[in-house]
Amino acid sequence: MQDISPRLDPELLDGYLSPVPGMAGLRPGAAAPRREDLVVHDPQDPDAPPVPVRIYRPSAPGPDRPAVLFVHGGGFTAGERLEWFDPLCDLYAEGAGAVVVSVGYRLAPLHPYPAAQQDCRTALRWLRVHGGRAGADGTRVAVAGSSSGAAVAAGLVLALRDTGDPLPRLLLLHAPVLDDRHSTPSSRLVLDPRTWNRQSSLAGWGAYLAPLPPGHPEVPAHAAPARAADLAGLPPVHLSVGDLELARDEVIGFGLRLARAGVPLELHVFPGAYHGFDVKDPQASVSRHSLALQVDALRRALGPAGTTDIEPTSSI
């Protein structure tokens, strides 16, 4: 086992060593949004399975709120209880003044790719058509994904671009995993079972991509977004990753390719930080900084400047 704890930010050490996630401490004593659980249907595809969602409405009243479609993490295989992600969704809703729609997508291994992406597309289509039911303006939407949910979210937005559908105003990828191939130096750095490590990552990708194994040449880019040959035409992207994460190199590489393709990019690499540090140890200074940057990115992208989402553009 390679122990990365000596390289950690000292404020993150307790959270790293603790087996209990600290997400409940994300907003101690703060106002909570109003929450509602619904089951939504794809307005364009009556044969698509219904999808459970949890809606978070900011506590302060306001008409025509923008919206955030949130895709949770869990190694592609966990997250069946949407309330587990209440603190982060609460933060996005209250901080950005947006209605957050958290998607209860089908999980691997019982439901491998593309089930999760299909469910997120259903929720996004519902939000665009019936956003008023949630108190949201369906024309002002961001898509946010955390950890494995970032792979699903990025794959969804790539698919929207490729099918000519309207794109969100922002793609926010928090602690993303984007590449099933595990061929970078950082993918071999993190073996410690106290954090998201190489063995766990290979198992999660294997469940999601089945029957294809991780690294198979036929894995589609909509499943593993780092494989996409062309990133042009995507909406602005916010990327955040710790420098002690196994996905560090793939995230930085993805960001460089986005910038070279002309995609507006905000990339943050936090020193001494492990996977999911900001939700597991939210009171650390670096965690507060990371979370504030995410909220600010959502607020800026969903603000009143401009009136429509980004239309997909063709690449040369």
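Up top is the structure these notes are about.
Everything in this summary refers to the structure shown in the same document.

About the thresholds
Residues numbered from 1 in each chain as written. Predicted model: local features only at pLDDT ≥ 70, side-chain atom pairs only at ≥ 80, totals over all residues. Heavy atoms only, no water. Helix = DSSP H or I, 4+ residues; strand = E, 2+ residues; numbered from the N terminus. Expected span 1.5 Å × (residues − 1). Buried < 20%, exposed > 50% of the residue type's maximum accessible area, 1.4 Å probe, protein only. Phe/Tyr/Trp six-rings, centres within 6.5 Å; stacked < 30°, edge-to-face > 60°. Pairing = 2+ DSSP bridges. Axes fitted to C-alpha atoms, helices over the stretch in contact; angles between N-to-C directions. Contact = heavy atoms within 4.5 Å. Salt bridge = Lys/Arg side-chain N within 4 Å of Asp/Glu carboxyl O. Right-handed = clockwise from strand over helix to strand, strands pointing away. 1 Å grid on protein atoms, 1.4 Å probe; cavity = no way out; pocket = protein on both sides within 12 Å on 5 of 7 lines; lining within 4 Å. Points joined across faces, edges and corners; volume = space filled by probe spheres on them. Nonpolar A, V, L, I, M, F, W, Y, C, P; charged D, E, K, R; others polar.

A look at helix H9 (residues 285-301)
Move 1: The end-to-end C-alpha distance of H9 is 24 Å, a good match for the 24 Å that 17 residues give at a rise of 1.5 Å each.
Move 2: By the burial criterion, the buried members of H9 are Val286, Ser287, Ser290, Leu291, Leu293, Gln294, Val295, Ala297, Leu298 and Ala301.

As for the packing of aromatic side chains
A ring pair, where both rings are aromatic, is described by two values, the distance of the centres and the angle of the planes.
Move 1: With the rule as written, the count across this model stands at seven aromatic pairs.
Move 2: Note on Tyr16 and Tyr274: the rings are 5.2 Å apart at their centroids and 65° apart in plane angle, and the pair reads as edge-to-face. One end of the pair, Tyr16, is in helix H1 (residues 13-17); the other, Tyr274, is in the loop between strand S8 (265-270) and helix H8 (277-280), with 258 residues separating them in the sequence. The same class applies to Tyr16 and to Tyr274, which are both buried.

Here we look at the sheet that holds strand S4 (residues 99-103)
Move 1: Ordered in space as S1-S2-S4-S3-S5-S6-S7-S8, the eight strands form an open sheet in which the pairing is mixed. With partners counted over all chains shown, the strands left at the sheet margins are strand S1 (34-40) and S8, one partner each. Strand-to-strand, the axes of this sheet are offset by a mean angle of 20°, without reference to chain direction.
Move 2: Pairing between strand S7 (residues 237-242) and S8: six bridges, direction parallel. If you follow His238 over to S8, its bridge partner there is Glu266.
Move 3: Helix H3 (residues 115-130) rests against S1, strand S2 (51-57), strand S3 (65-71), S4 and strand S5 (136-146) of the sheet, and its axis sits at about 155° to S5.

What to know about the pattern of salt bridges
Move 1: Within this structure, the stated rule accounts for 19 salt bridges.
Move 2: Between Arg35 and Asp86 there is a salt bridge whose closest N-O contact spans 3.4 Å. Linking Arg35 in strand S1 with Asp86 in helix H2 (residues 86-96), this pair joins segments that are 51 residues apart in sequence.
Move 3: On the accessibility criterion, Arg35 (39% relative accessible area) is partly exposed.
Move 4: Note that Asp296 and Arg300 form a salt bridge whose closest N and O atoms lie 2.7 Å from each other. Of this pair, Asp296 and Arg300 both sit in helix H9, four residues apart, which is roughly one turn of that helix.
Move 5: Here the residues in one salt-bridge network are Arg35, Asp37, Arg54, Asp86 and Asp90, joined through shared partners.

Description of H3
Move 1: Taking 1.5 Å per residue as the helical rise, H3 with its 16 residues ought to reach 22 Å, and the 22 Å between its terminal C-alpha atoms agrees with that figure.
Move 2: The buried fraction of H3 is high, at twelve of 16 residues.
Move 3: The complete set of buried residues in H3 reads Ala115, Ala116, Gln117, Asp119, Cys120, Arg121, Thr122, Ala123, Leu124, Arg125, Trp126 and Leu127.

Points about the pairing of S4
Move 1: Summarising burial for S4: five of the five residues are buried, a large majority.
Move 2: Alternating positions in S4 separate into two faces, Val99, Val101 and Val103 on one and Val100 and Ser102 on the other, with burial throughout.
Move 3: Here four bridges tie S2 to S4, and the two strands are oriented antiparallel to one another. Paired with Tyr56 across the two strands is Val100, which belongs to S4.
Move 4: Two strands pair when backbone bridges link them, and S3 and S4 are joined in this way by four bridges, in the parallel orientation. Each bridged residue has a counterpart across the sheet, and for Val68 the counterpart in S4 is Val100.
Move 5: Taking the sense of rotation as the criterion, the β-α-β connection linking S3, H2 and S4 turns out right-handed.

A few points about empty space enclosed by the protein
Move 1: A complete count under the given rule lists two cavities of 30 Å³ or more for this structure.
Move 2: By volume, the largest cavity is sized at about 40 Å³.
Move 3: Forming the boundary of the largest cavity are His174, Ala175, Ser240, Val241, Glu245, Phe270, Gly276, Phe277, Asp278 and Ser290.
Move 4: Of all elements in the fold, only S7 and H8 reach the threshold of two or more residues within the lining of the largest cavity.
Move 5: The class makeup of the residues in the lining of the largest cavity is four nonpolar, four polar and two charged.

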